[in-house]
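Now for the letters of each chain:
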Amino acid sequence: MNALRVGVIGVGHLGYHHARIYSELLETRLTGVMDIDDQRAVSVGEMLQVPYFSDLDEFLEKARPDALSIVVPTVAHYEVAKKVMERGIHVLIEKPVTKTVDEAEELLKMAAQKNLVLQVGHIERFNSAVQYVRGICKPPLYIQTRRLGPFSSRVADVGVVLDLMIHDIDIILSLVGSEISEISAYGRSVFTEHEDIASAHLTFKNGAISHILVSRASEKRLRTLEIMERERYITLNYETQDVSIHRCIRNNGMGLMEVIEHPVFPKHEPLKMELQHFISCVKEGRQPMVGIADGKRALEIAVEVLRQINKNRSADFVESPEGLLH
């Protein structure tokens, strides 16, 4: 089967890795990369030995990709995706899918009208530990996620909700499988004009509840997911892709004894799995696991979280900022 012609728009830190992986996959041929920063385009293009461009129209005309990744600042997602999709090109667009829900709705309609694959880059769905937990998870009663780390000026166009929390919103929505009945959230700025620390509580119509804590003002990195079911407690580390399952069992009628299981399963690079999934969807003409509807729904919740943060900005934060910094 002929290799699919692919490209990458925006080859900064993350976009470079999109391009690197495309250049390594047997089922794809990287026909070009594009970045408005001339020096960055030249650097990545020469490194991967592919044509490079700083003009979008020239890139689309000369590289002629059948599918591509859009890895540019969120504010530009909609305009770039619209121009690309008008040419009938399949798209993987990094999260958050767009800056507004209305923009996401327009892209959803365009993808349907043109029969295009439009995948949203919620990379944690392709984390091996997440995929394992999805296979064994029973209806959760409570979910807690913590995504903390030091500040990086690399992401300054959006706050921590659209940068980090949206990952956890997407994962929680996929695990709970119920509509949300109530949202409360708080946040504080530390280094930027946006919120750099945020906490959100989500209550679902089926009774499940969740707490999401995110910070880009913390000294240490932490990426964890904890799920409480009726008969067991599951913990997941996104970075190490490790899972622990805690259960209480009866010990010969003498009482309860805690048993901790550490399941073994293959671990893969999440971004590589995500891009392989995108390419297979394009080739087979099927909808991706994380489509535009999923991206739009996660964005809707994130926008409501931001609304609650602005509403409660004068209230005390649910946890002291000092406690989040260490």
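This structure is a prediction, so every number in the text was calculated from the model and none was measured. (Residues numbered from 1 in each chain as written. Predicted model: local features only at pLDDT ≥ 70, side-chain atom pairs only at ≥ 80, totals over all residues. Heavy atoms only, no water.)

## Quick look at the overall build of the protein chain
Thinking step 1. When helices and strands are tallied, the protein chain shows ten helices and 14 strands.
Thinking step 2. By the compact-globule yardstick of 20 Å for 326 residues, the protein chain fits well, its C-alpha radius of gyration being 21 Å.
Thinking step 3. Principal-axis analysis of the C-alpha atoms places the extent of the protein chain at approximately 70 × 50 × 35 Å.
Thinking step 4. Taken over 326 residues, the protein chain has a buried fraction of 52%.
Thinking step 5. Of all intrachain contacts in the protein chain linking residues separated by at least 6 positions in sequence, the fraction that spans at least 24 positions is 68%.
Thinking step 6. Put simply, the protein chain shows about 15400 Å² of open surface, and 49% of that area lies on carbon and sulfur atoms.
Thinking step 7. Side-chain charges in the protein chain split into 38 positive and 45 negative, and the spacing between the mean points of these groups amounts to 4 Å. (Helix = DSSP H or I, 4+ residues; strand = E, 2+ residues; numbered from the N terminus. Rg over C-alpha atoms; globule rule 2.2 N^0.38 Å. Buried < 20%, exposed > 50% of the residue type's maximum accessible area, 1.4 Å probe, protein only. Contact = heavy atoms within 4.5 Å. Areas by Shrake-Rupley, 256 points an atom, 1.4 Å probe, with all protein chains shown as cover. Lys, Arg positive; Asp, Glu negative; His and termini not counted. Charge placed at Lys NZ, Arg CZ, Asp CG, Glu CD.)

## As for the pairing of strand β2 (residues 28–34)
Both faces of the sheet carry side chains from a regular strand, because those side chains alternate between them.
Thinking step 1. Of all seven residues in β2, six are buried, a share of seventy percent or more.
Thinking step 2. Here strand β1 (residues 4–9) runs beside β2; their pairing, made up of six bridges, is parallel. Among the inter-strand pairings, G7 is bridged to a residue of β2, identified as G32.
Thinking step 3. Note on the crossover from β1 through helix α1 (residues 13–24) to β2: the handedness is right-handed.
Thinking step 4. With two bridges joining them, β2 and strand β3 (residues 52–53) adopt parallel strand pairing. The residue of β3 that forms the bridge with M34 is F53. (Pairing = 2+ DSSP bridges. Right-handed = clockwise from strand over helix to strand, strands pointing away.)

## Regarding the nonpolar core
Thinking step 1. Grouped together as the largest cluster of nonpolar side chains are 71 residues, with contacts concentrated most on I9 and V305.
Thinking step 2. Take this core: its biggest share by element is twelve residues, from helix α7 (residues 160–176).
Thinking step 3. Not counting the four nearest positions on each side in its chain, I9 is found in contact with M34, L56, F59, L68, S69, I70, V71, V72, V80 and V84.
Thinking step 4. Counting 24 residues, the second largest nonpolar core, distinct from the first, contains I21, V33, V71 and V282. (Core = buried A, V, L, I, M, F, W, Y, C linked by side-chain atoms within 4.5 Å.)

## Observations concerning the pairing of strand β10 (residues 209–215)
Thinking step 1. Of all seven residues that make up β10, six are buried, and the element is covered over most of its length.
Thinking step 2. Note: strand β7 (residues 142–148) against β10, seven bridges, orientation parallel. Among the inter-strand pairings, Y142 is bridged to a residue of β10, identified as I209.
Thinking step 3. Taken together, the seven bridges between strand β9 (residues 197–204) and β10 define a ladder with antiparallel strand orientation. Within β10, the residue paired with A200 across the bridge is I212.

## Let's talk about the packing of aromatic side chains
Thinking step 1. Scanning the model with the defined rule gives three aromatic pairs in all.
Thinking step 2. Judged by centre distance (4.8 Å) and plane angle (15°), the rings of Y132 and F265 are stacked. Placement of the pair is Y132 in helix α6 (residues 128–136) and F265 in the loop between β14 (256–261) and α8 (270–284), with a sequence separation of 133 residues.
Thinking step 3. Against the face of Y238 rests R147, its NZ or CZ located 4.7 Å from the ring centre. (Phe/Tyr/Trp six-rings, centres within 6.5 Å; stacked < 30°, edge-to-face > 60°. Lys NZ or Arg CZ within 6 Å of the ring centre and 35° of its normal.)

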